[in-house]
Amino acid sequence: MKYLKPLIILLLVSVLLGVATIASFYIYLKPQLPSVDVLKDVHLQTPMKIYSQDGKLISQFGVKRRIPLSIEQIPPQLINAVLATEDSRFYDHPGIDIIGVFRAAVNLITTGEKGQGASTITMQLARGFFLTREKAYIRKIKEIFIAWHIEQVLTKNEILELYMNKIELGHRAFGFGAAAQVYYGKDVNELNLAQIATLAGLPQAPSVLNPISRPDRSKARRRLVLLRMLDENYINREQYNQAVEQPVTAKPHGAEIELHAPYIADMAYNEMIRRYGKEDAETRGLSVYLTIPSDLQTDAQQAVIRNLHDYDERHGYRGPIRQLWEEPETERLSEQQQDQPNTTDSDMAMPAAPVWSEEQMLQELATQITYAPLNTAIVIRTFERSIEVFTSQGEYLNIDWDGIAWAREFINDSKQGPDPQVATDIVTAGAMVYIRKRDDDSGQWQLSQVPDVSGAFVALNPENGAIQALVGGYSFYQSQFNRATQAKRQVGSNIKPFVYSAALDAGYTLASVINDAPINQSDRDSGIAWRPKNSDGKYDGPIRMRVGLGKSKNMVSIRLLRGVGLDKVIDHLARFGFNPKELPHDETLAIGSASLTPMEVATGFAIINNGGYAVEPYLIDRIEDLEKLDIWKANPKVACRSCRNQIVAPQPEERHPGEPETPPIRLAPQVLDSQNAFLVTDMMRTGLRANGSWTYKTYWQGTGWRARNILQREDLAGKTGTTNDAKDTWFSGFTPDLVATAWVGFDDMSRSLGRTSANQYLLNKNPEQYNWLGNAMVGGEDGARAAQPAWIRFMQKALKDVPEKPFFIPPDIVTVRIDRTTGKLTQRTDHTSRFEYFKKGTEPTQYVREDELVDPYLEDQGQPQQEPEDIF
């Protein structure tokens, strides 16, 4: 008792001093301690994700990769691994592990070094949210106090959930949900024990223990995690033995992109930045759902890429990327020798192996930039009519004659070399080349190249302007310039339906007869004569407006502009959203000298399609927060014919939280009367089909006849477009529910799309469709040859299984039988007449006279008729 009493007193004094010291530190530091109440409503930095209309991931944006998980979504085995490794007494201590603190103190006294053994999960959370990783005593004391505060505010499960989602785990992955995706491309629930142990070992030092950059250290750390799990009885010896022997399988994984559409993703990202600012857009975990159906976007991308390759191939092969070695002068293997399985190297009389090793070739191929659908390869052998290549995936492929025969020499945009006869006319061994899979069902490979030419495509819903598909070029990674929205190019004859609409508005009708004759206009001041021409160099004399648009007659369009007046035409074009200040104020406007983007052109045609209502293109349909609640939903203006007689409530531009689920309908303003829109649409239908009768000599084809021939539908309307020297080519068209515009041209605006001569190897490929759709077409490039095939291929897939739907005929449209030559009323019911549409009150009132009748069939039989009156 003599010594016990002083010891007890010393112990009590020490405890009191310790408590007093802690209390003093707490009072001193309390003003510096942050409020942990913010953790009740913490917003973890979570990337923004962009989805298609049907929920397929297009892209994600944000510096930190994070997939927030609730405690219920985290696999128990992962929780056990983290607890066993980081804080085995987590559920037993109040945020500070006294045993751990004591152990750290002993380590400090015995070694003189600061250890980390005292940090609990709560303390790590405190450091992660409020402090730094600096190893200082004052920081550790603050960490202890903050951890104690956190334990007063949050439950253990809430603390653990925050920790599992907050912790940094390397490769920009924050939280275990993101780490499972980054390292293994899996959901956390799909991880095996070895993978779980690997991730659980990362918090200590993610850069040093990383399984991608340091697999050896990661494996050693994984073993320690598994030992701790074994010690804590979370796993048994058999599970330990199986997991510890597993190989390290981690490798870099990006987000699981389901729809690769970078031009669309970039547009959505930029719009989100405008709405919310960069910080909020990239860190709030917003989910952005677009108006794009994934199938239509895929169809558009495939159509554009195939079309650009078609153009590129018919103009010739520009040669390999580079020549790595020269092929020795040896005899090529004949086709007969290729078919003999026992042919020896000596029989081939050529090198048995490439000059370079596989490792050398793989290293060289890895340095070459490529773009989908292209792959890089090296030609290692040439046979008489085939080549063998080694690909960047380390595979050997044989490409047959059908896959290389297209590659006659490119001389310039209007001239190609002769058709090749043997493989070495095209490439030799040692050539690094591009290859791609054929677009048919064969799955065979063919020689290819990156197209020089560019293209763009836009598809809209004409009812509300929702973007249904958009392609800004061949590859976003080749050029981020979005030609669909940023490239203002001359529209050529794509402008004519709008000029014809202005003529209808001024009193012309589809039966009005306009003289298709040459124009020679001299400017006395400049001494320069303007002599515009029809694209085909042919002139038909007086023809009806319907025929003029269907045949895309430049002279008719110019004379219509003169008849209406330039200023009135410009005012009329402004109704379609075209900026009048950017339109040329001269007669070249009538034949397409205006420069517009594909988006602007498609929007204009959407107004014609929907009956004259000015819808506005939009891309984002709705935005969700982390809780999957809508925080914004688009409420576009609609061309709702059936809504026009309804009483419409005030019309907000968008719906916000708390507002009704179904916002009031916002009606698009009507900028064009529905009768005018219908009549233009019907003229555009004429331009896509064969008209008249071959037998009775009245037959003619619209410039877009291929669309009707291939798609075999009646609910189509469209217009080709070609500028001078074919520097820009267009095709715009629609069905009742879908509008699309395709453009093809060079980024270098001075470069013409040129001409092509016949290529026998392309002519032999699938002549019924392949030749119609572009690659074997011969002659000058134009809208029908260069741009229309992309539109047709898109519509082939987009309209598959979609029943035909007639175009809406508005009230006050009447039909009367007219004479095909004069446009006047007729009582004849033969091939010289047809039924024509008119806006009520504009139909002709005079009947054709007998001396005005023209029958091409009788003229051909030697019974000439009197020439028609020159009406214009």
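Refer to the structure presented above.
All of these numbers come straight from a predicted model, not from anything done at the bench.

The rules behind the values
- Residues numbered from 1 in each chain as written.
- Predicted model: local features only at pLDDT ≥ 70, side-chain atom pairs only at ≥ 80, totals over all residues.
- Heavy atoms only, no water.
- Helix = DSSP H or I, 4+ residues; strand = E, 2+ residues; numbered from the N terminus.
- Buried < 20%, exposed > 50% of the residue type's maximum accessible area, 1.4 Å probe, protein only.
- Contact = heavy atoms within 4.5 Å.
- Pairing = 2+ DSSP bridges.
- Axes fitted to C-alpha atoms, helices over the stretch in contact; angles between N-to-C directions.
- Expected span 1.5 Å × (residues − 1).
- Salt bridge = Lys/Arg side-chain N within 4 Å of Asp/Glu carboxyl O.
- Parallel < 35°, antiparallel > 145°, perpendicular 65-115°, else oblique.
- Nonpolar A, V, L, I, M, F, W, Y, C, P; charged D, E, K, R; others polar.
- Phe/Tyr/Trp six-rings, centres within 6.5 Å; stacked < 30°, edge-to-face > 60°.

### Overview of the environment of Leu308
Alright, step 1. Here Leu308 lies in helix 13 (residues 294-314).
Alright, step 2. Take Leu308: its relative accessible area is 1%, and that puts it in the buried class.
Alright, step 3. Residues within four places of Leu308 in sequence aside, it is in contact with Pro451, Val453, Ser454, Gly455, Tyr474 and Val744.

### A look at the pairing of strand 12 (residues 454-460)
For a regular strand, side chains alternate in direction, first toward one face of the sheet and then toward the other.
Alright, step 1. For strand 12, the buried fraction is high: 7 of the 7 residues fall into the buried class.
Alright, step 2. Burial of the side chains of strand 12 extends over both faces: Ser454, Ala456, Val458 and Leu460 are buried on one face and Gly455, Phe457 and Ala459 on the other.
Alright, step 3. Sheet analysis places strand 12 next to strand 29 (residues 738-745), joined by 7 bridges and oriented antiparallel. The partner of Ser454 across the bridge, within strand 29, is Gly745.
Alright, step 4. Direction of pairing for strand 12 relative to strand 13 (residues 467-471): antiparallel, over a ladder of 4 bridges. The partner of Phe457 across the bridge, within strand 13, is Val471.
Alright, step 5. Following strand 12, the chain reverses through 6 residues before pairing antiparallel with strand 13; Gly465 in that reversal takes a positive phi of roughly 85 degrees.

### Considerations on the sheet that holds strand 29
Alright, step 1. Here we have 5 strands laid out as an open sheet, ordered 13-12-29-28-27, and antiparallel in their pairing. Bordering the open sheet on either side are strand 13 and strand 27 (717-722), each of which pairs with just one other strand. Ignoring strand direction, the axes of neighbouring strands in this sheet form an average angle of 5 degrees.

### Structural notes on helix 11 (residues 262-276)
Alright, step 1. Across its 15 residues, helix 11 extends 21 Å between first and last C-alpha, which sits within 8% of the 21 Å expected from 1.5 Å per residue.
Alright, step 2. Looking at helix 11, one finds that the buried residues are Pro262, Tyr263, Ile264, Ala265, Met267, Ala268, Tyr269, Glu271 and Met272.
Alright, step 3. Phi for Gly277, located one or two positions after helix 11, is positive at around 85 degrees.

### Overview of the pattern of salt bridges
Pairs can form between side chains of opposite charge once their charged atoms are near each other.
Alright, step 1. Inspection of the entire model under this criterion finds 46 salt bridges.
Alright, step 2. Two residues, Lys553 and Asp536, come together in a salt bridge whose shortest N-O distance is 4.0 Å. Highlighted residues: Lys553 in the loop between helix 19 (545-550) and helix 20 (554-564) and Asp536 in the loop between strand 17 (528-530) and strand 18 (541-544), separated in sequence by 17 residues.
Alright, step 3. The class of Lys553 is buried, set by a relative accessible area of 2%.
Alright, step 4. Across the salt bridge formed by Arg622 and Asp621, the nearest N and O atoms sit 4.0 Å from each other.
Alright, step 5. The network of salt bridges with common partners includes Arg544, Arg546, Asp682, Arg685, Arg834 and Glu836.

### Regarding the packing of helix 9 (residues 215-231) against helix 10 (residues 237-244)
Alright, step 1. In contact at an axis separation of 10 Å, helix 9 and helix 10 are set at 175 degrees when each is read in the N-to-C sense. Compared by their axis directions, helix 9 and helix 10 come out roughly antiparallel. Across the interface between the two elements, Lys219, Arg222, Arg223, Leu226, Leu227 and Leu230 of helix 9 pack against Arg237, Tyr240, Ala243 and Val244 of helix 10.
Alright, step 2. Class assignment for the residues of the contact of helix 9 with helix 10 results in 6 nonpolar, no polar and 4 charged.

### A word on the packing of aromatic side chains
Alright, step 1. A complete count under the given rule lists 19 aromatic pairs for this structure.
Alright, step 2. Judged by centre distance (5.2 Å) and plane angle (75 degrees), the rings of Trp694 and Tyr699 are edge-to-face.
Alright, step 3. A residue is classified by how much of its surface remains accessible, and Tyr699, at 32% relative accessible area, is partly exposed.
Alright, step 4. Plain terms: the ring middles of Phe731 and Trp791 are 4.9 Å apart, the flat faces sit at 65 degrees to each other, and that makes the pair edge-to-face. Taken as a pair, Phe731 in strand 28 (residues 728-735) and Trp791 in helix 26 (residues 783-798) lie far apart in primary sequence, 60 residues in all.
Alright, step 5. A relative accessible area of 0% means that Phe731 is categorised as buried.

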